[in-house]
Amino acid sequence: FFFSSRRRHTRCSGVSWARRCVQETVSTQSTWGQLGGNKNQFFGFCFSPDYQTILAYTFSGSLHRWKQVNEKWEPLYTVSGHFSRVTDVDWSSKGDFIVSTSADQTTRIFAEWAKNKTWHEISRAQIHGYDINAIKTLQVLEDGKPTDKVDLLVCGADEKIVRLFEPTATFVNTLNSLSGTRARLHFEDPRLEEQQSYVTSDGILRYKETNEGGYQVLGLMTKNVKVAFTDTVKSIIEGEGQFHDNNEEENVKIDYDYSQPPVEDYLVNHSLWPELNKLYGHPYEILTLASTNDGQYIASACKSQKIEHSQIIIWNPKNYTILDKLDLHRFSVLQLKFSRNNQFLFSAGRDRQFGVFKRDEEDKLHPYKLTFADQSHSRIIWTIDSSHDTEYVITGSRDKTIKIWKLDQSTGQCTLVVTQSFSDSASAVAFADKQLSNGSYLLGLGFDTGKVFLAEFNPTEKEIKVINKFNDFQQHALTVNRIRFKEVADKNKFTFASCSDDFTVKIFSVLT
């Protein structure tokens, strides 16, 4: 056997030839590949030692795997991930999946495969034309109360638009089947959900897959398109005159039974999330996003070198309009964070300032108002976070210091509690989702060298003490861009995710 990789027009495939001893000729034996996309050419193939499995890699850094079954080569799932720096990461409101964005222009969703206790990519929610800088999940509420509906995604990239995405039936079916959850889609009419959903014999909630996200040929928008499942269904649709091979509004579905993580072809072509809406208002590229836990507000900021462009925009996600613009910073805002109780918005910027905005329930047109600003850091403030009880605020800066502030929740004023110096610049900081058994606060600290520390903040002793330094294999190789803790019911267990310029997303589980 030997291989060749070819690309002609939009066909990207690998071909194997076998020598026929009787005829003394070499002929094509098998062909693998994709019939679409613009970055799918293969660069290399290799057989497994028993010649029953083939592994290939592509221009985009993805891996493909096939196994020979009954003289046919069936695609198999394999490892996947970003192939450029990972800029942001966030947990879903229920902690059942994690979403990450990257300069590779994709948004990817990972979840745990309960059967094997391993994490896999289950959806490539966005394949974009710009580097993506920020991602945030937006909880879906009904009558102001949390629900078991899957979160929306809010995304910001190197463009002036904030994009909102809604989940598909494909995603919910995959999540419920692999992770054992019971996530649901949001329907305006509950009767429609009854018509579109069913429960399998093993108790898994699934939805009929009638629509999914699809590419737009000349544009960046992911449209909601109809799905044709199999050849049988396709022929029925053709007979009714509803399907055409050149119709951009319909996709032909690849068979997938949800028994294992999806393969690369499926991720690229059938796991996109359709866009729900776009938010216009920023003059330059989006840098950071935040959303309240009650789903009422979204905050965003963009690159800027002037005061008028450094405003923080507060959006109303119910009608997709600008609610207010907050003034404070003179240059780019690098991170935004809402407190868990939704009463405060914190901002950190390139102008060495961080600000605190307090919620005013009586003023619906200006829901957040500036109550405190500080410029005690001597260099850029990269990162900011607040504790789960909103008692403390933490900031990390290029000046190689981390500061913790006491927040007066009645006035919105902050008082400096402790300043801790490190040998590297703090690029990501986060409070854990709960306190330690001794009453101290657990901190996740990331640095521009890739180091990841766990630290303990004792309010009584007013000190930050590093309690664990991850080894070189566990930590990152380049700048840590974000650390996010997941809410875990076990009081002795902490779980957090980090992302880095080294192209990786890592999930850590810590027992105390």
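Now for a quick tour of the structure. (Residues numbered from 1 in each chain as written. Predicted model: local features only at pLDDT ≥ 70, side-chain atom pairs only at ≥ 80, totals over all residues. Heavy atoms only, no water.)

Counting 30 residues, the largest nonpolar core has Ile109, Leu153, Phe171 and Trp273 as its most contacted members. Those elements that place two or more of their residues in this core are β10 (106–113), β11 (118–127), β12 (132–138), β15 (152–157), α1 (169–179) and β18 (205–207). A total of five residues in this core trace back to one element, the largest contributor, which is α1. Ranked by size, the runner-up nonpolar core spans 17 residues in total, among them Tyr392, Phe453, Ala455 and Ile464. (Core = buried A, V, L, I, M, F, W, Y, C linked by side-chain atoms within 4.5 Å. Buried < 20%, exposed > 50% of the residue type's maximum accessible area, 1.4 Å probe, protein only. Helix = DSSP H or I, 4+ residues; strand = E, 2+ residues; numbered from the N terminus.)

Within the structure shown, the criterion is met by 26 aromatic pairs. Ring centres of Phe45 and Trp66 lie 6.4 Å apart, and the angle between their planes is 25°; this geometry places the pair in the stacked category. With Phe45 in strand β4 (residues 42–47) and Trp66 in strand β6 (residues 63–69), the pair connects residues that are 21 residues apart, well separated along the chain. Exposure class is identical for Phe45 and Trp66. Each is buried. By the ring-pair criterion, three or more aromatic residues cluster together here, those being Tyr392, Phe431, Tyr441 and Phe457. Above the plane of the ring of Tyr77 lies Arg65, whose end atom (NZ or CZ) is 5.6 Å from the centre. Lys434 extends its terminal NZ or CZ atom over the ring of Phe494, reaching a point 4.4 Å from the ring centre. (Phe/Tyr/Trp six-rings, centres within 6.5 Å; stacked < 30°, edge-to-face > 60°. Lys NZ or Arg CZ within 6 Å of the ring centre and 35° of its normal.)

Attention shifts here to a positive patch on the surface. A cluster of basic residues, Arg85, Lys303, Arg330, Arg350, Arg352, Arg379 and Arg398, forms a positive patch on the protein surface. By the element assignment, Arg85 lies in the loop between β7 (72–76) and β8 (86–91). (Patch = residues over 30% accessible without salt bridge, like charges linked within 9 Å, V, L, I, M, F, W, Y side chains within 5 Å. Areas by Shrake-Rupley, 256 points an atom, 1.4 Å probe, with all protein chains shown as cover. Salt bridge = Lys/Arg side-chain N within 4 Å of Asp/Glu carboxyl O. Lys, Arg positive; Asp, Glu negative; His and termini not counted. Charge placed at Lys NZ, Arg CZ, Asp CG, Glu CD.)

With that settled, the discussion passes to the sheet that holds β8. Within a beta sheet, neighbouring strands are joined by backbone hydrogen bonds and run either parallel or antiparallel to one another. If you trace the four strands from one edge of the open sheet to the other, you get β8-β9-β10-β11, paired in antiparallel fashion. Whereas interior strands pair on both sides, the edge strands pair on one side only; in this sheet they are β8 and β11. The sheet shows a mean angle of 25° between the axes of neighbouring strands, direction not considered. In this structure, strand β9 (residues 98–102) lies alongside β10, joined through four bridges in antiparallel fashion. Pairing of Thr101 across the sheet is with Thr107, part of β10. The sheet strands contacting α1 are β10 and β11, and the helix crosses β10 at an angle near 30°. (Pairing = 2+ DSSP bridges. Axes fitted to C-alpha atoms, helices over the stretch in contact; angles between N-to-C directions. Contact = heavy atoms within 4.5 Å.)

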